[in-house]
Amino acid sequence: MGSRGTNRKVAADQLLLFDKDEWPSTPTAVTGPKSKLMFVLRPTNPVALRMHEDATTHLAVQRGRDAYPPHLLHMSLLCMGQFDKPPTRLIERTRAIAAGIQARPIPITLDSAGLFGNSRHLALYRPKGNGLVNQFVGMLGRALAQNNLPGFQANAFMPHVTLAYDCRDIEPLPLARNYAWISGEFMLVYSYHGQARHEELGRWAFDPKAVPYPSNFEQLKLAV
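All of the points below concern the structure found in this document. (Residues numbered from 1 in each chain as written. Predicted model: local features only at pLDDT ≥ 70, side-chain atom pairs only at ≥ 80, totals over all residues. Heavy atoms only, no water.)

### Describing the layout of surface pockets
Approximately 250 Å³ is the volume found for the second largest pocket. Arg42, Pro43, Thr44, Asn45 and Glu185 are, among the 17 residues lining the second largest pocket, the residues nearest its centre. Put simply, the parts of the chain that give the lining of the second largest pocket at least two residues each are helix H2 (45-62), strand S7 (179-183) and strand S8 (185-192). Tallied by class, residues from the lining of the second largest pocket come to 9 nonpolar, 5 polar and 3 charged. (1 Å grid on protein atoms, 1.4 Å probe; cavity = no way out; pocket = protein on both sides within 12 Å on 5 of 7 lines; lining within 4 Å. Points joined across faces, edges and corners; volume = space filled by probe spheres on them. Helix = DSSP H or I, 4+ residues; strand = E, 2+ residues; numbered from the N terminus. Nonpolar A, V, L, I, M, F, W, Y, C, P; charged D, E, K, R; others polar.)

### Observations concerning the pairing of strand S1 (residues 35-41)
Taken across its 7 residues, S1 has 6 buried, putting it largely inside the fold. Of the strand pairs in this sheet, S1 and strand S2 (residues 75-83) are connected by 7 bridges, and their pairing is antiparallel. The residue bridging valine 40 from the neighbouring strand is serine 76, located in S2. (Buried < 20%, exposed > 50% of the residue type's maximum accessible area, 1.4 Å probe, protein only. Pairing = 2+ DSSP bridges.)

### Here we look at the pattern of salt bridges
For the structure shown, the criterion picks out 4 salt bridges. A salt bridge links aspartate 84 to lysine 34; the nearest nitrogen and oxygen atoms lie 3.7 Å apart. With aspartate 84 in the loop between S2 and helix H3 (88-99) and lysine 34 in the loop between helix H1 (4-13) and S1, the pair connects residues that are 50 residues apart, well separated along the chain. Taking the relative accessible area as the measure of exposure, aspartate 84 reaches 66% and is therefore exposed. In this structure, the salt-bridge partner of glutamate 185 is arginine 203, at a minimum N-O distance of 2.7 Å. Taken together, the residues span a long stretch of sequence, with glutamate 185 in strand S8 and arginine 203 in strand S9 (residues 197-205) at a distance of 18 residues. For arginine 203, a relative accessible area of 41% translates into the label partly exposed. Ionic contacts of the salt-bridge type, sharing partners, join the residues Glu185, Glu200 and Arg203 into one network. (Salt bridge = Lys/Arg side-chain N within 4 Å of Asp/Glu carboxyl O.)

### Re the pairing of S8
Across the 8 residues that make up S8, a large majority, 7, are buried. Between S8 and S9, which pair antiparallel one after the other, the connecting turn spans 4 residues, and glycine 194 there sits at a positive phi close to 75 degrees.

### Points about the sheet that holds strand S5 (residues 121-125)
Consider a sheet: its strands pair through backbone hydrogen bonds, and that pairing is either parallel or antiparallel. On the basis of which strands lie adjacent, the open sheet formed by 3 strands has the order S4-S5-S6 and antiparallel pairing. Of all the strands in the sheet, the pair left with one neighbour each is strand S4 (112-116) and strand S6 (160-164). Each strand of the sheet is rotated relative to its neighbour by a mean of 35 degrees, with strand direction disregarded. Those strands touched by H2 are S5 and S6, and its axis lies near 45 degrees from that of S6. (Axes fitted to C-alpha atoms, helices over the stretch in contact; angles between N-to-C directions. Contact = heavy atoms within 4.5 Å.)

Below, the structure is given as structure tokens:
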């Protein structure tokens, strides 16, 4: 993704595109937590249920927080910004761009658990990474940037699924087997801060006939 300098330049250009109440702040803004507009991948229902059940059992022993609801489990890709209310004009433009993206389904494997975000959140990830996820994030980010739309990504992006929040001082979840699925679609959601609620704003299917991802990245096999 672009540098901070590039993001600032894009931000300046976007001042003419959005009303004052729709201008997105970066995820690191100091104005306090707000709701987020973001692109995500979601595990299949059977995999999400197994993640939730395993996390619930583990947290009951660890006396941690409640596990995140299975229907909200997701892998964040890009954040469009933080808002006080859904930014209607930005959502409309983002949907139009997302509808034109052609990419292949993504096999995903998560084989490790750890504490993310200053050791606060229990998450599943793969230490070796999920290379195709990163490639798709790059594709998505370029499409947004070419159309003068925001797309913020963590500096050290590691694809992961958060199972529970505010979990300091607990042991990571022991994994008896991997969590794996093939992601057949990507989604745009509005995540309401502090409400454990996602408003689905669009979903787009991956195309098995799309151009293959570049071969210079590791082509990951789906582990079972």
